[in-house]
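# Descriptive structure summary
Spelled out from the first residue to the last, the chains are:
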Amino acid sequence: VSEVGVGVVAAGVAKAKADHILISGHDGGTGAAQWGGIKSTGLPWELGLAEAHQTLVMNDLRDRVVLETDGQIKTGRDVVMAYLLGAEETGFSTAPLISLGCIMMRKCHLNVCPVGVATQDPVLRKKFKGMPEHVVNFLWMVGEEVRETMAALGVRTVNELVGRCDLLEFDESLRTEKTKYLDLTPIITPALSLPGLINPNARVYNHIKQDHMLDKHIDTELLPKVRNAIDTKQPVVVDMEIINVQRSCGTTIGNEISKKWGEAGLPADTITLNFFGSAGQSFGAFVPAGVTMTVIGDSNDGTGKGLCGGKLIIKPDPKNLAKGFKAEDNIITGNVACFGATSGKAFFRGIAAERFCVRNSGCLVVSEGCGDHGLEYMTGGRVVILGEVGKNFSAGMSGGIAWVYDPKGELRYKANFAEPMRDFERLSGDVFEEELQGYIKEYAKETDSPVAANILADWETEREKFVQVFPLDYKRARKQAMDADGWKGREEMPKGKVPLEDMTGKDVKLDAATPTEQEVSTKYNKLRGFVEIERKPEPYRDPEERRTDWGEIYTPVRAHDVERKRQAARCMDCGTPFCQTHSGCPVHNLMPEFNELVYKEQWKTALDRLLTTNNFPEFTGRVCPAPCEGACVAGLVAAPVTIKNIEYAIIDRGFKEGWVKPRIPRERSGLNIAVVGSGPAGLSAADELNQMGHKVTVFERAPKPGG
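Keep in mind the model is a prediction, meaning the values are calculated, not measured.

## Observations concerning the overall build of the protein chain
Counting secondary structure elements, the protein chain contains 26 helices and 17 strands. In terms of overall dimensions, the protein chain has a C-alpha envelope of 100 × 75 × 55 Å along the principal axes. Looking at the protein chain as a whole, 45% of its 707 residues qualify as buried. Of the contacts made within the protein chain by residues no fewer than 6 positions apart, 57% connect residues no fewer than 24 positions apart. Just so you have it, the protein chain exposes about 36000 Å², and 55% of that area is on carbon and sulfur atoms.

Spelled out as structure tokens, the structure:
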């Protein structure tokens, strides 16, 4: 990510034989990222790219790497600017996605993309209207603009443009009071003119390939020893030392196995590799079935990355254990262990560092603790953690099962509860408890862990300290798969209930008991509410009837609050809520927030949230033309949320419960202000001025206020 000092990092990875370096700007980010993470992390790509290019040229490293940048690059002009600042390549993501129909709802990790881009839901995938030609046309037009700009600059090839920042100059007409002292000279100074160049004739674009010294790779030494086992499936055991500069150990062997035997790999334990020392990065990455790799020592980042059937065992040196070393209190493997693993087993006798088991989709992993962001976006497999976890635990986890040994009860403060996607529950003596116990027994056997042994020795007591993390959708799918009808991909409403309301004004019967939060989330499946729940606005009375009285404009509905709660479940809580922006609500009501509160039956808090932006929701909820509903993202692919009905339901509930009271300021300013006209604008102005402490008098020529 572009930030101060990124040039030093670029030089370091270039020396470490990197072929490709990507500098990402501060305004990119994944569709699952928090808004603050997208908008408030790093610096513009222009700053990071210029620093990285200059540093690489100064150290005569630029000619051995390809430099790329990305971050909201949309036009041919952006691409040429990147070339001039030192990049050979540019990355596109957001713009091509939008050309395919993406509406930036930013729920890519929840399987509820309303336009069918990032989802496996068959109902939502039908809404995808994108075609490859859309992306081709977009990039073709970008390319045409690049060619036009290059022609205007008088160059024929990209290599002639790379690093030519002397062709850039600051547009002085854009100077403002805020930017009048801004000096961009360091950015637009050609790298070859900087002092301290190691080689004055250094190349400023990629010219040579890195020598990765694959002939010295550890697998090159191992392959002859295991070749017969790969060809004949005869078991073999190899013992050797390993040091931390020996990276991707086992990956080449796995490639040879897959080329010969395909996805099935070899029988279990056909190849057993025992290492002593400190394994380098990506130890056991992409290792298939039939390979068992043990390290007596520790391992670095990326251990078990993409594991697809193999078995990894990482445990400390017995000599250190004899001296009092406690594995359960120390990190034994680095970041992103078992990232994207699809199958196999990995046992770590010690703590795993950050981003443990991210995107695990089928592997069994056991450790004695993990750092921040553990199990992020996990979609399958099993994970047992016999120790503490870091913050943001299980964010976006949508599949698989995890068990956390939590004797101090601290998991509730570490887990991510931003989305109601998972159940956190105690063991209940079912098949899952037996499964957990079996995993701990296997782990204890493979690692000689005293933590596991102590838990097993007093299981009836220790079992109470486990928390089972079970994604709701996964649990629902398993349950429905056991039914005779099978899982049809959607949750059906419970049968035998009386419908809430046929919206004809007839009386209905309601359940007396308020459902629990878990029942509501299962009943409505809020993540898919905009698909599963039909829009049901409250109907207007007939105009001929209501023109004769001063009564409500809506038909009275007894199921008012209950149906509004159900309708609130249709709100997607968009990452980009257009309903409350300039294209939606003129007063910027916080629709997603009060919709969520109504869904959770927190009506008082919803009222407080509504009154922070709206002085008279009892008025706007009835007569506003509802531009918020016109801007509702759900309305792009289905019917919009009934925001207007929910708004007046909140204020009506407030009057009914006595929550709406005069808001008299504690202190008065001493100023007297007259407001002429008691329409919505006049009354809102009067209310705001009153809250500021002024004494306000409203004048109206009509007999009654209201405009």
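## Overview of unusual backbone geometry
Non-glycine residue Asp-60 carries a positive phi angle of around 55°. With respect to the helices and strands, Asp-60 occurs in the loop between helix H3 (45–58) and strand S2 (66–70). By relative accessible area, which is 25% here, Asp-60 ends up partly exposed. At Val-336, a residue that is not glycine, the phi angle is positive and equals roughly 50°. Inspection of the secondary structure assignment puts Val-336 in the loop between strand S8 (331–333) and strand S9 (343–348). Under the relative-accessibility criterion, Val-336 is labelled partly exposed at 26%.

## Notes on the nonpolar core
One finds Ile-271, Leu-273, Phe-275, Phe-283, Phe-356 and Leu-375 to be the most contacted residues of the largest nonpolar core, which totals 51 residues. If one sorts the elements of this core by residue count, helix H9 (residues 218–232) sits on top with 6 residues. What Leu-273 contacts, discounting residues up to four positions off in sequence, is Leu-222, Val-226, Val-238, Ile-253, Val-291, Thr-292, Met-293 and Thr-294. Within the second largest apolar cluster, 39 residues are counted, among which are Leu-110, Phe-594, Leu-597 and Ile-646.

## Here's the deal with the pattern of salt bridges
Scanning the model with the defined rule gives 31 salt bridges in all. A salt bridge links Glu-256 to Lys-259; the shortest N-O distance between them is 3.2 Å. Highlighted residues: Glu-256 and Lys-259, both in helix H10 (residues 251–261), separated by 3 residues, approximately one helical turn. Through salt bridges with shared partners, a single network forms among Glu-534, Lys-536, Glu-563 and Arg-566.

## Points about the packing of helix H20 (residues 560–568) against helix H21 (residues 591–599)
Describing two packed helices takes the angle between their axes plus the distance from one axis to the other. Two elements in contact, H20 and H21, have axes separated by 8 Å at closest approach and are oriented at 125°. In terms of their interaxial angle, H20 and H21 are classed as oblique. The element H20 and its partner H21 pack so that their crossing is left-handed. Contact residues: H20 offers Arg-564, Lys-565 and Ala-568, while H21 offers Asn-595, Val-598 and Tyr-599. Looking at the contact of H20 with H21 residue by residue, the class counts come to 3 nonpolar, 1 polar and 2 charged.

## Re the confidence of the model for the protein chain
Scored by pLDDT, the protein chain has a mean of 87; 90% of the residues are at 70 or more. Across residues 484–522, confidence stays below pLDDT 50; counting only partners more than four residues off in sequence or on other chains, it has 57 contacts.

## Comments concerning H21
Counting buried residues along H21, 7 of its 9 residues qualify, which places the element largely inside the surrounding structure. Met-591, Pro-592, Phe-594, Asn-595, Leu-597, Val-598 and Tyr-599 are the residues of H21 that are buried.

## What about the packing of helix H1 (residues 6–15) against H3?
Close contact between H1 and H3 brings their axes to 8 Å; oriented N to C, the two are set at 50°. Considering the angle they form, H1 stands oblique to H3. For the crossing formed where H1 meets H3, the hand is right-handed. Listed contacts from H3 to Val-6, Gly-7, Val-8, Ala-10, Ala-11 and Ala-14 of H1 are Gly-48, Glu-51, Ala-52, Thr-55 and Leu-56. Residue classes in the contact of H1 with H3 are distributed as 7 nonpolar, 3 polar and 1 charged.

## A closer look at the packing of aromatic side chains
Within the structure shown, the criterion is met by 10 aromatic pairs. Centroid distance Trp-459 to Phe-466: 5.8 Å. Interplanar angle 40°. Geometry classified as tilted. Residue Trp-459 is classed as buried on the basis of its relative accessible area of 7%. Chaining the aromatic ring pairs together yields one cluster made of Tyr-405, Trp-459 and Phe-466. For Lys-233, the ring lying beneath its charged end belongs to Trp-261, and the centroid distance is 4.1 Å. For Lys-565, the ring lying beneath its charged end belongs to Tyr-599, and the centroid distance is 5.9 Å.

## A short note on the environment of Gly-679
Topologically, Gly-679 is positioned in the loop between strand S16 (672–676) and helix H26 (680–691). Given a relative accessible area of 16%, Gly-679 falls into the buried group. Along the primary structure Gly-679 and Phe-424 are separated by 255 residues, whereas in three dimensions their C-alpha atoms are 51 Å apart. Leaving out residues up to four positions away in the same chain, Gly-679 has contacts with Gly-706 and Gly-707.

## Quick look at the pairing of strand S11 (residues 361–367)
Sheet faces and side chains relate simply in a regular strand, where the side chains alternate between the two faces. Within S11, 5 of the 7 residues are buried, which leaves the element mostly enclosed by the surrounding structure. Here S9 pairs with S11 via 3 bridges, running parallel. Counterpart to Lys-345 in the pairing with S11 is Leu-364.

## Thoughts on H3
Helix length check: H3 (14 residues) gives 20 Å between terminal C-alpha atoms against 20 Å at 1.5 Å per residue, within 8%. Across the 14 residues that make up H3, a large majority, 10, are buried. By the burial criterion, the buried members of H3 are Trp-45, Gly-48, Leu-49, Ala-50, Ala-52, His-53, Gln-54, Thr-55, Leu-56 and Val-57. A positive backbone phi angle near 55° is found at Asp-60, which sits one or two residues after H3.

Criteria and thresholds
- Residues numbered from 1 in each chain as written.
- Predicted model: local features only at pLDDT ≥ 70, side-chain atom pairs only at ≥ 80, totals over all residues.
- Heavy atoms only, no water.
- Helix = DSSP H or I, 4+ residues; strand = E, 2+ residues; numbered from the N terminus.
- Buried < 20%, exposed > 50% of the residue type's maximum accessible area, 1.4 Å probe, protein only.
- Contact = heavy atoms within 4.5 Å.
- Areas by Shrake-Rupley, 256 points an atom, 1.4 Å probe, with all protein chains shown as cover.
- Core = buried A, V, L, I, M, F, W, Y, C linked by side-chain atoms within 4.5 Å.
- Salt bridge = Lys/Arg side-chain N within 4 Å of Asp/Glu carboxyl O.
- Axes fitted to C-alpha atoms, helices over the stretch in contact; angles between N-to-C directions.
- Parallel < 35°, antiparallel > 145°, perpendicular 65-115°, else oblique.
- Left-handed = near helix turned anticlockwise from the far one by under 90°.
- Nonpolar A, V, L, I, M, F, W, Y, C, P; charged D, E, K, R; others polar.
- pLDDT = per-residue confidence, 0-100.
- Phe/Tyr/Trp six-rings, centres within 6.5 Å; stacked < 30°, edge-to-face > 60°.
- Lys NZ or Arg CZ within 6 Å of the ring centre and 35° of its normal.
- Pairing = 2+ DSSP bridges.
- Expected span 1.5 Å × (residues − 1).

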